[in-house]
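As a plain string of letters, each chain reads:
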Amino acid sequence: MNRREARKMALQALFQMTLSGTERATALNAVNESGQPIDPFVNQLLDNTLTHENEIDHLISKHLKNWSLERVGNIDKTILRLAVSEILYFDDIPTTVTVNEAVELCKIYSDAQTRKFVNGVLAGISKEIATESHE
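Residues numbered from 1 in each chain as written. Predicted model: local features only at pLDDT ≥ 70, side-chain atom pairs only at ≥ 80, totals over all residues. Heavy atoms only, no water.

Colleague: What's the story with empty space enclosed by the protein in this structure? I'm lost.
Modeller: Over the atoms, a rolling probe the size of a water molecule traces out where space has been left empty. Taken as a whole, this structure holds one cavity of 30 Å³ or more when the rule is applied. In terms of lining residues, the largest cavity is bounded by R7, L45, I79, L82, A83, E86, T98, E101, A102 and L105. Taken together, the elements giving at least two residues each to the lining of the largest cavity come down to helix 5 (74–89) and helix 6 (95–109). Of the residues in the lining of the largest cavity, the class split is six nonpolar, one polar and three charged. (1 Å grid on protein atoms, 1.4 Å probe; cavity = no way out; pocket = protein on both sides within 12 Å on 5 of 7 lines; lining within 4 Å. Points joined across faces, edges and corners; volume = space filled by probe spheres on them. Helix = DSSP H or I, 4+ residues; strand = E, 2+ residues; numbered from the N terminus. Nonpolar A, V, L, I, M, F, W, Y, C, P; charged D, E, K, R; others polar.)

Next comes the structure, spelled out in structure tokens:
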């Protein structure tokens, strides 16, 4: 399983868990179409996103212009959460790759307007983090 497929699996599982309160194992089993062992990257993404959800949501909220996090669509919010988790906690993945992958997920699960929205929010977060790391 490549990382793009792993991100899709993590997105689908987190979406189920968040929206319907599905248990993690149940959600992962439901989205694991191949029946192969779950890629460790999926679990790392879920672990970091769930563990740091409040911090991630706060950071996303800071970069929403004239929006509240509650107004953001559920799939878009889930894509943002996973991407911010990746930006914050996966030093081995370049931020540009993470942003591009989030936009690719939007192409599959959302629309063109959302792609621009997600890209803009993640660009703002990336700049903030880059600025903080250089201080």
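Colleague: Sorry, what's going on with the nonpolar core here?
Modeller: Burial of nonpolar side chains together is a common tendency in soluble globular proteins. Of all hydrophobic cores here, the largest spans 37 residues; its most connected members are I60, I79 and L122. For L122, the contacting residues outside a window of four places in its chain are L80, A83, V84, I87, V99 and A102. (Core = buried A, V, L, I, M, F, W, Y, C linked by side-chain atoms within 4.5 Å. Buried < 20%, exposed > 50% of the residue type's maximum accessible area, 1.4 Å probe, protein only. Contact = heavy atoms within 4.5 Å.)

Colleague: Got a minute to help me understand the packing of aromatic side chains in this structure?
Modeller: How two aromatic rings sit relative to each other is set out by the distance from centre to centre and by the angle between their planes. Per the stated rule, a full pass over the model turns up two aromatic pairs. With 5.4 Å between their ring centres and 75 degrees between their planes, F41 and F90 make a pair best called edge-to-face. One end of the pair, F41, is in helix 3 (residues 40–51); the other, F90, is in the loop between helix 5 and helix 6, and 49 residues separate them in sequence. F90 carries the same exposure label as F41, and that label is buried. In this structure, R3 is placed above the aromatic ring of F41, and the distance from its NZ or CZ to the ring centre is 4.5 Å. Above the plane of the ring of W67 lies R71, whose end atom (NZ or CZ) is 4.0 Å from the centre. (Phe/Tyr/Trp six-rings, centres within 6.5 Å; stacked < 30°, edge-to-face > 60°. Lys NZ or Arg CZ within 6 Å of the ring centre and 35° of its normal.)

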